[in-house]
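What follows is each chain in one-letter form.
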Amino acid sequence: MAVHEGKNRRLLRSLDQAIRLVRRSSSSRGVPREWLPSEVRGRQDVRMPLFEMTTDQLVEVPSTTFAAEQILERADLQRLLRAKLDMIVDDVLVVSEEFGAFADARRRIDLLGVDRAGHIVVIELKRTTDGGHLELQALRYAAMVSVMTFDDLVEHYELFLAKVEPDAVEEARIRLAEFLEDVGGEETVLSREVRVVLVAAGFDREITTTVLWLNDVYGLDMRCVRLTPYKVDNRLLLDVQQVIPLPEASQLTVQLRRRQTQARAAGADNRDWTPYEIITPAGRSEPLRKRRAVLAMVTALHQAGVPAADLATAVPRSRVLSVDGTLAGETLAEAFMSAYPGSRKRLGRWFIDAPLHDSDKTWVVSKMWGTNTEPVLDRLLALAPTDGYGYEAVSDN
């Protein structure tokens, strides 16, 4: 599925013009000095030297370049960073490499990922020491992928897994759903606020000024990570430094963006974030996410004497399944996968750790309820043996 570009062209043109203006102004007094980090205030891309400490003295370790060491951008750097992504950005799942599902197939994103808050993450890599026009390129990519949906992401993740982990292709949807569980799982509405990570052997003042301006004025989430290779005997060492934003400020920035994400999610009409309290004669539960709310209602009614078979008929599409015997733990998991082979790669979709035991059978409740939470709870309540059962959606206000 190609990502449509039409909606983003006007924004791209206006931002592109503004960025080019900032780039032209970056060497003049028109850009406030305080916008520039210490690395770029004095001279371009200043590096702190690396020293080897001996018993007698400190010996400076000479830096080198990727070109001099014949390190290729895609075949070497990109491949190694993909396998160790947390060295440049935390908690991001790579879903595509050399992503090019655009109307113009010549454009390719080095690495495409998603974070647990539902933000697409564009990662662009250059082995050069000036960064080229990395930020302009990445910004265009960010606008293009900002319209992606969860299903789009699944499609591209399947293609990626087919290349790097063929046996896991069928797990693409469940892996993504579990990774994004905190923001809705399969119902996740991906944020249009795309994060950008620029990785290079160095950044000139034009890039750092532009990134600082975009982050400050437009509230974008762009970071610059510098990779510096050092040659020690026959070994090649890599120094990884985040230069924008400064690491000391990154945590505060993350916290502020997390608050904004939560506020946006709470106000989104097309995303079901509603927690529920389950009411029984014994009292109220704490606010529960929908999957936990359904499990709590099923468990409470079963404990009140409602047969598990009746509970299974009240919910749609085989969301409560049984196996023979009174089982638990690994024994239950093995029996469940044997009885339902399709669950072998999707066992995480089931509450294996909270089974119901009834008439020499063990029943397992699904975690996947989509938008059917309230209709399911209503049908379950119709089976309640006495008054005093119910549920209540909990408002965040």
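What counts and what doesn't
Residues numbered from 1 in each chain as written. Predicted model: local features only at pLDDT ≥ 70, side-chain atom pairs only at ≥ 80, totals over all residues. Heavy atoms only, no water. Pairing = 2+ DSSP bridges. Helix = DSSP H or I, 4+ residues; strand = E, 2+ residues; numbered from the N terminus. Axes fitted to C-alpha atoms, helices over the stretch in contact; angles between N-to-C directions. Contact = heavy atoms within 4.5 Å. Core = buried A, V, L, I, M, F, W, Y, C linked by side-chain atoms within 4.5 Å. Buried < 20%, exposed > 50% of the residue type's maximum accessible area, 1.4 Å probe, protein only. Parallel < 35°, antiparallel > 145°, perpendicular 65-115°, else oblique.

K.L.:
What is the right way to read the sheet that holds strand 11 (residues 320–324) from this model?
P.N.:
Neighbouring strands of a sheet are bound in pairs by backbone hydrogen bonds; such pairs are parallel or else antiparallel. If you walk across this open sheet you meet the three strands as 11-13-12, and the pairing is antiparallel. At either end of the open sheet lies a strand with only one pairing partner, and these are strand 11 and strand 12 (356–358). Across this sheet, the average inter-strand angle for adjacent strands is 30 degrees, counted without regard to direction. Where strand 11 lies against strand 13 (residues 361–365), five bridges are found, and the strand directions are antiparallel. Residue pairing for strand 13: Val 320 is matched across the bridge by Val 365. On top of the sheet, helix 9 (residues 290–303) reaches strand 12 and strand 13; it is set at about 30 degrees to strand 12, its chief contact.

K.L.:
Which parts of the structure should I look at to understand the nonpolar core?
P.N.:
In terms of nonpolar packing, the biggest core is built from 62 residues, with Leu 112, Val 114, Ile 123, Val 145, Leu 176, Leu 198 and Val 199 touching the most fellow members. Once residues lying within four places of it in the same chain are set aside, the contact partners of Leu 176 are Leu 93, Val 95, Val 114, Phe 150, Leu 153, Val 154 and Tyr 157. Counting 27 residues, the second largest nonpolar core, distinct from the first, contains Tyr 276, Ala 314, Leu 377 and Leu 380.

K.L.:
Explain the packing of helix 9 against helix 12 (residues 373–381) here, please?
P.N.:
To characterise two packed helices, one gives the angle between the axes of the helices and the distance between these axes. In the contact formed by helix 9 and helix 12, the axes pass within 10 Å of each other and the chain directions differ by 5 degrees. Considered as vectors, helix 9 and helix 12 are oriented roughly parallel to each other. Mapping the contact onto sequence places Lys 290, Ala 293, Val 294, Met 297, Val 298 and Leu 301 in helix 9 and Thr 373, Val 376, Leu 377, Leu 380 and Leu 381 in helix 12.

K.L.:
Would you take a moment to explain the pairing of strand 9 (residues 276–280) for this structure?
P.N.:
Successive residues of a regular strand alternate their side chains across the two faces of the sheet. Among the five residues in strand 9, four count as buried, and that is most of the element. Examined bridge by bridge, strand 9 and strand 14 (residues 390–393) share four bridges and lie antiparallel to one another. Bridge pairing in strand 14 places Tyr 276 opposite Ala 393. Pairing analysis gives two bridges linking strand 9 to strand 10 (residues 283–284), with the strands arranged antiparallel. Following the sheet pairing, Thr 280 is matched in strand 10 by Gly 283. Here strand 9 folds back onto strand 10, and the loop between the two strands holds two residues.

K.L.:
Before we go on, may I ask you to explain unusual backbone geometry in this structure?
P.N.:
With the exception of glycine, most residues fall at negative phi, and the peptide bonds are largely trans. Note that the residue after Ile 244, namely Pro 245, is joined by a cis bond; omega there is -15 degrees. By the secondary structure assignment, Pro 245 is in the loop between strand 8 (235–244) and helix 8 (247–267). Positive phi, close to 55 degrees, is recorded for Ser 359, a residue that is not glycine. Take Ser 359: it is sitting in the loop between strand 12 and strand 13. Overall, Ser 359 belongs to the exposed group, its relative accessible area being 66%. Here Asp 360, not a glycine, exhibits a phi torsion of approximately 60 degrees, which is positive. By the element assignment, Asp 360 lies in the loop between strand 12 and strand 13.

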